[in-house]
Amino acid sequence: MSELSIVIPVYNNEHSLEALVEGITKALRGRLLYELILVNDGSSDGSWQEIEKIIAAYPTDADPLIAYDLSQNYGQENAKMAGLIHASGDYVVFMDADCQHDPVHIIALLEQCRNGADVCYANFSNSPANPFKRLGSSLYNHLAYKLLRKPKGIYLSSYTIMTKSMQKKVERYTSPLINIDALVLQHTQNVTQIFVEQRQSLNKKTNYTPLKLAALFFKLLPGFSIIPLRIILLFGLTFCSAAFILIIIKSAIHFSDPSAHFFIGSGKLMILGIGGIILTALGIIGEYIGKIYVMLSGNQAFEIQTEISSDDKK
Ligand code: UDP
Ligand code: MG
């Protein structure tokens, strides 16, 4: 039985995997019993072949190394969920595969949970060099604060730990639209953080293209919150009330002086404004209907096609 499961989603990380596994072994071997779970998220490079090579050379008496190969690229959150449901340790750590997260901090994360936290995030004292990445990350955290009841000051990073009881709550969720931070915050506010340095990625470039980031936001917004709908409703109500008040004023002016002019073209402006609101509302409602469709369509959150383990060699 492992004290800790380390779940790592892998997407096009062939160059960092060896250093990743070595780093974890160096940081943890002999200090605690752990299992390392790599989830290959449909990488298009040689990541899976690299994982097979690492497992073939992996010592059989070491802490187990298990790998799952997903049938296609489902996204980081889905890959994490695929690992989470197979994690057997008392605590589960998530970290990235590109060696940006130094495994020596795992002990400090574990300490936080042992002291009573349900979840602990490793907050980075140095921000990402890429300004686009910085913006995306602060927008994500701001949204999470506003929409997901994230405690203020906590930074949601992908280097994190959760307790077994949290794992049980999160893995009950079976929809393909997954965001583990959002699921965590639906269940607990008992979240802490530690501050660590983020290292250079061994990947040449981030896997997060603008398109992937946009997909992440749209998963977070309609997938977990109805606030955008309420904002639209508020806008709609404000515009309708404004139109109603204007009509009353216009009628009153017309009554007292039938030859007087109200603002010229106001009717056209109102039609434009209300038309715009209706279109936006339709767009957002469509987004929700689309998500409901995906949830009801029975699509899987992920599909594992192969599983290999260092224990198979025993
Ligand atoms: N990742 C994944 N599927 C994807 C994109 C990313 O499993 O479709 C994994 C990736 O292998 C890494 C983590 O998510 O372990 C974070 O990705 P990356 O380092 O590219 O993101 P960044 O550090 O730029 O946020
Ligand atoms: Mg990275």
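Nothing here was measured: the structure is a model prediction, and the numbers come from that model. For every chain, the first residue of the written sequence is number 1, and numbering continues from 1 along that sequence. Throughout, the order in which chains and ligands are written sets their labels, letters from A for the former and numbers from 1 for the latter. Residue-level local features of this predicted model are given only where pLDDT is at least 70; pairs of side-chain atoms are given and counted only at 80 or more, and the full residue set underlies all totals for whole chains, interfaces and linings. Excluding hydrogens and water, the side-chain figures rest on all heavy atoms present in the structure.

Trainee: I keep staring at the site of ligand 1 and nothing clicks. Help me out?
Mentor: As a matter of local geometry, ligand 1 sits amid 17 residues, with Asn13, Asp41, Thr206, Asn207 and Lys212 nearest to it. Tyr11 is positioned with one of its backbone polar atoms (N or O) 2.7 Å from an oxygen atom of ligand 1. N or O atoms closer than or at 3.5 Å make up a polar contact, with two conditions inside protein: a donor-capable atom paired with an acceptor-capable one, and, for residues adjacent in sequence, both atoms drawn from side chains. Asp98 is positioned with one of its side-chain polar atoms (N or O) 2.8 Å from an oxygen atom of ligand 1. Amino acids are sorted into nonpolar (Ala, Val, Leu, Ile, Met, Phe, Trp, Tyr, Cys and Pro), charged (Asp, Glu, Lys and Arg) and polar (every other residue, Gly among them). Classifying every residue of the shell around ligand 1 gives five nonpolar, seven polar and five charged. Any residue with a heavy atom lying within 4 Å of a molecule or strand is counted as near it.

Trainee: What am I meant to see in the sheet that holds strand β4 (residues 91–94) here?
Mentor: Whether two strands pair comes down to DSSP finding at least two bridges between them. Put simply, DSSP marks the helices as runs of H or I at least four residues long and the strands as runs of E at least two long, and each gets a number from the N terminus on. With respect to topology, eight strands assemble into an open sheet ordered β7-β5-β6-β4-β1-β2-β3-β8, the strand pairing being mixed. Only two strands of the sheet have a single partner each, and these edge strands are β7 (191–196) and β8 (304–309). Averaged over all pairs of adjacent strands, the angle between strand axes in this sheet comes to 20°, irrespective of strand direction. Relative to strand β6 (residues 160–163), strand β5 (residues 119–124) is paired through three bridges, and the arrangement is antiparallel. Within β6, the position partnered with Cys120 by the bridge is Ile161. Here helix α4 (residues 106–114) sits on the sheet in contact with β1 (4–10), β4, β5, β6 and β7, set at roughly 35° to β6. In this analysis an axis means a line fitted to C-alpha atoms, helices contributing only their contacting stretch, and an angle means the value between N-to-C directions, from 0 to 180 degrees. Only heavy atoms matter for contacts: two residues are in contact if any of them lie within 4.5 Å across the pair.

Trainee: It is not clear to me how helix α2 (residues 47–57) should be interpreted in this structure. Could you clarify?
Mentor: Spacing of three or four residues puts side chains on the same side of an α-helix, whose turn is 3.6 residues. With a 1.4 Å probe rolled over the protein chains alone, any residue whose accessible area is under 20% of its type maximum counts as buried; one over 50% counts as exposed, and the rest are partly exposed. Along α2, the residues classified as buried are Ser47, Trp48, Glu50, Ile51, Ile54 and Ile55. Across the axial projection of α2, the buried residues extend over an arc of 155°, all falling on one side. Every exposed residue of α2 that faces more than 90 degrees away from the buried side is listed here: Lys53, Ala56 and Ala57. Each element contacted by the buried residues of α2 is listed here: β1, α1 (17–28), β2 (34–40), β3 (65–70) and β8. As used here, the arc belongs to the directions running from the helix axis to the C-beta atoms.

Trainee: How do you make sense of the side chain of Asn12 when you look at a structure like this?
Mentor: With respect to the secondary-structure elements, Asn12 resides in the loop between β1 and α1. What Asn12 contacts, discounting residues up to four positions off in sequence, is Ser43, Ser44, Asp45, Ser47, Asn203 and Asn207.

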